[in-house]
Amino acid sequence: MSAIRSKDTKPEMIVRRGLWKRGFRYRLNHKRLPGHPDLVLKKYRTCIFVNGCFWHGHYINLQFDDLQFTIENSECCKIPKTNREFWVNKIRRNKERDKEEQRKLAAMGWHCITVWECELKPSKREETLESIAFTLNHIWLQDHQARVTAYPLLNEEDQQMPMAAEGDVV
């Protein structure tokens, strides 16, 4: 467990390089925000979490019915067969903590993007990075749309008025 890093992981470095190459600038592991997001893009009011599939329970469905639980494993994440109850509880707590942190960030006015480790495999990497860039641009446009003031359309009378540069030339 001590060998597991929480910062500068390979998936995080892939996302960082991809965003930097596309012109996005960010801060790392912001201490004042809930959950210490991996990347913070203040201009976009967006936090990006780069999650490992195993540690954050990607595609794992934990269903509890009166102390009995059903686990559905996925392709990218399998729960170990030894000490299974410990791992199920740990992953469940991680998922609950992630949801709570994202609720707090949303209440503070931040957008949250979660990028999963399996989405950064070479076959899906470019598509995922383009999707993040598209989402960030969409967020920026949506947030700044209210600030844009539309100019009133000219009616027929206004269109007939001479412009300052169209005056009589002697």
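I will try to describe carefully the structure that is included in this document. (Residues numbered from 1 in each chain as written. Predicted model: local features only at pLDDT ≥ 70, side-chain atom pairs only at ≥ 80, totals over all residues. Heavy atoms only, no water.)

Helix and strand content of the protein chain: four helices and six strands. In sequence order, the protein chain lays out its α and β elements as α-β-β-β-β-β-α-β-α-α. Expressed as a percentage of the 170 residues in the protein chain, the buried residues total 34%. The contacts in the protein chain between residues at least 6 apart in sequence include a share of 56% that link residues at least 24 apart. When the accessible surface of the protein chain is summed, it comes to about 12,600 Å², and 52% of that surface belongs to carbon and sulfur atoms. (Helix = DSSP H or I, 4+ residues; strand = E, 2+ residues; numbered from the N terminus. Buried < 20%, exposed > 50% of the residue type's maximum accessible area, 1.4 Å probe, protein only. Contact = heavy atoms within 4.5 Å. Areas by Shrake-Rupley, 256 points an atom, 1.4 Å probe, with all protein chains shown as cover.)

So, about the packing of helix α1 (residues 10-21) against helix α3 (residues 125-144). Contact pair α1 / α3: the axes reach a minimum separation of 10 Å and the direction vectors enclose 55°. Our classification of the angle between α1 and α3 gives oblique. As for how α1 packs across α3, the hand of that crossing is right-handed. Only Arg 125, Glu 126, Leu 129, Ile 132 and Leu 136 of α3 make contact with α1, whose side of the interface consists of Ile 14, Val 15, Gly 18, Leu 19 and Lys 21. Split by residue class, the contact of α1 with α3 holds six nonpolar, one polar and three charged. (Axes fitted to C-alpha atoms, helices over the stretch in contact; angles between N-to-C directions. Parallel < 35°, antiparallel > 145°, perpendicular 65-115°, else oblique. Left-handed = near helix turned anticlockwise from the far one by under 90°. Nonpolar A, V, L, I, M, F, W, Y, C, P; charged D, E, K, R; others polar.)

Below, the discussion takes up the sheet that holds strand β6 (residues 111-116). Strand order in the open sheet made by the four strands is β1-β2-β3-β6, with mixed pairing throughout. Among the strands making up the open sheet, the edge pair consists of β1 (27-28) and β6. Against the sheet, α1 makes contact with β1, β2 (39-41), β3 (46-51) and β6, and its axis sits at roughly 140° relative to β3, the strand it touches most. On top of the sheet, α3 reaches β2, β3 and β6; it is set at about 175° to β6, its chief contact. (Pairing = 2+ DSSP bridges.)

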